[in-house]
Amino acid sequence: MNHPDISVVMPAYNAMSFIADAVNSVLKQSLCNLELIVVDDCSTDDTWNIISRIAEVDSRLKIIKLEDNSGSAKYPREVAVNMASADWICWVDADDIIPYDYLEKLLLRQQNTDADIVCSQMIAFQNNINNVRYTLPDISLNNNGDDILPGRVAVMKTIGSWSLNANGFLVRKSLWSGTSLFLNRDANWMDADDVSTREMILSANKVAFSDAVYYYRIHSEAITKKLSVKKFHTLITDECVVRMIDGEFGEKSPQARITRNQYVHRILSFMRLVVVNKGRLSCDDFSEIILLIKKHFSACSAADILYSDLKPMLKLIMLLPFNSALGVINFINRK
């Protein structure tokens, strides 16, 4: 095969229900000069057999199976990037779908703008692609507009609520390989890749947008939908993003205030979540979650709380010692 225009990377774990659709949506692209690298994160279902059969008939599909499960999509995705031959990387998750002209649209937009990153639109669907649950950004924003943002501007659209779609974005391999601080296997919390994604956006000179559509599947098997210790790992991501934005803009900058406000809100929301769902968690998981929340609660300063946009009563609760704050939240929940 000639030097591919794009390397598509796909981490996979127990994805037998959807991975054939995901893989075939990539291999049937109008842009034929591509490679797809699937890294099986030690699946225990039929994922490996499915992708092996497809690889036998399409040499553009490269597959590798890890000996141990890494715990998140971050590590297998990095393994795939390190194997990539192309100068441009696009990731597609093993339960999602891209239309036949997706990669062609992203590459054309990059060539017309000389952007380091090209973001698409996302349509989140359930059961079938016509059952749309939400879009990102709102389709009315005309994501194919002429806006080209510096990375320092674009990254702030990922804070609070994401107002750009990073799923399936096109990015220079050199930017991906040169910016991530979390390439080792210790970075195995659930959404660790949200940190390196923001690093890439922050480091980009130009971020452009395309009307290409990425179809994101909502389903009950997704780990992000399950209540477990991993769900609370978002606190680790938020803390990393606080440090990142502090370092780039300064601790007292408006950007840092926005990021710290998100961090405070997340801590409070997770305190509520663990109180409400205590009965659904094992004793070990509950204890681990409480320790995790307490660690981040303690790292959150009084200034962070006071400068947040929490209601006054909630600020007072967050200023209490952790056990007292948790007790008040538990009391309010019982009422």
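Residues numbered from 1 in each chain as written. Predicted model: local features only at pLDDT ≥ 70, side-chain atom pairs only at ≥ 80, totals over all residues. Heavy atoms only, no water.

Enquirer: Is there a simple way to explain the overall build of the chain in this structure?
Expert: Helix and strand counts for the chain come out as 13 helices and eight strands. The C-alpha radius of gyration computed for the chain amounts to 21 Å, which stays within 12% of the reference 20 Å derived for 335 residues, consistent with globular compactness. In terms of overall dimensions, the chain has C-alpha extents of about 65 × 45 × 40 Å along its principal axes. Looking at the chain residue by residue over its 335 residues, the buried ones come to 54%. Put simply, of all contacts in the chain between residues at least 6 apart along the chain, 80% involve residues at least 24 apart. Here the chain contributes 36 positively and 40 negatively charged side chains, and the mean placements of these two sets differ by 8 Å. (Helix = DSSP H or I, 4+ residues; strand = E, 2+ residues; numbered from the N terminus. Rg over C-alpha atoms; globule rule 2.2 N^0.38 Å. Buried < 20%, exposed > 50% of the residue type's maximum accessible area, 1.4 Å probe, protein only. Contact = heavy atoms within 4.5 Å. Lys, Arg positive; Asp, Glu negative; His and termini not counted. Charge placed at Lys NZ, Arg CZ, Asp CG, Glu CD.)

Enquirer: Mind showing me how you'd approach helix 13 (residues 322-334) here?
Expert: The α-helix advances 3.6 residues per turn, and as a result positions three or four apart in sequence lie on the same side. The end-to-end C-alpha separation of helix 13 is 18 Å, in line with the 18 Å expected for 13 residues at 1.5 Å each. Buried within helix 13 we find F322, A325, L326 and I329. Around the axis of helix 13, the buried residues are gathered within 100 degrees of arc, so they sit on the same side. Opposite the packed face of helix 13, turned more than 90 degrees from it, sit the exposed residues N323, F331 and R334. Its buried side turned inward, helix 13 meets helix 9 (254-276), helix 10 (283-299) and helix 12 (312-318). (Expected span 1.5 Å × (residues − 1). Arc of directions from axis to C-beta.)

Enquirer: Would you take a moment to explain the pattern of salt bridges for this structure?
Expert: Any two side chains of opposite charge can pair, given that their charged atoms come close. Within this structure, the stated rule accounts for 15 salt bridges. Its salt-bridge partner being D114, residue R172 comes within 3.2 Å of it at the nearest N-O pair. With R172 in strand 7 (residues 170-172) and D114 in the loop between helix 4 (102-113) and strand 5 (117-126), the pair connects residues that are 58 residues apart, well separated along the chain. Residue R172 is classed as partly exposed on the basis of its relative accessible area, which comes to 24%. As a salt-bridge pair, R266 and D238 come within 2.7 Å of each other at their nearest N and O atoms. Highlighted residues: R266 in helix 9 and D238 in helix 8 (residues 234-249), separated in sequence by 28 residues. Look at R266 and you get partly exposed, because its relative accessible area is 25%. Note on D238: relative accessible area 2%, which makes it buried. Residues joined by salt bridges that share partners form a network here, namely R77, D93 and D193. (Salt bridge = Lys/Arg side-chain N within 4 Å of Asp/Glu carboxyl O.)

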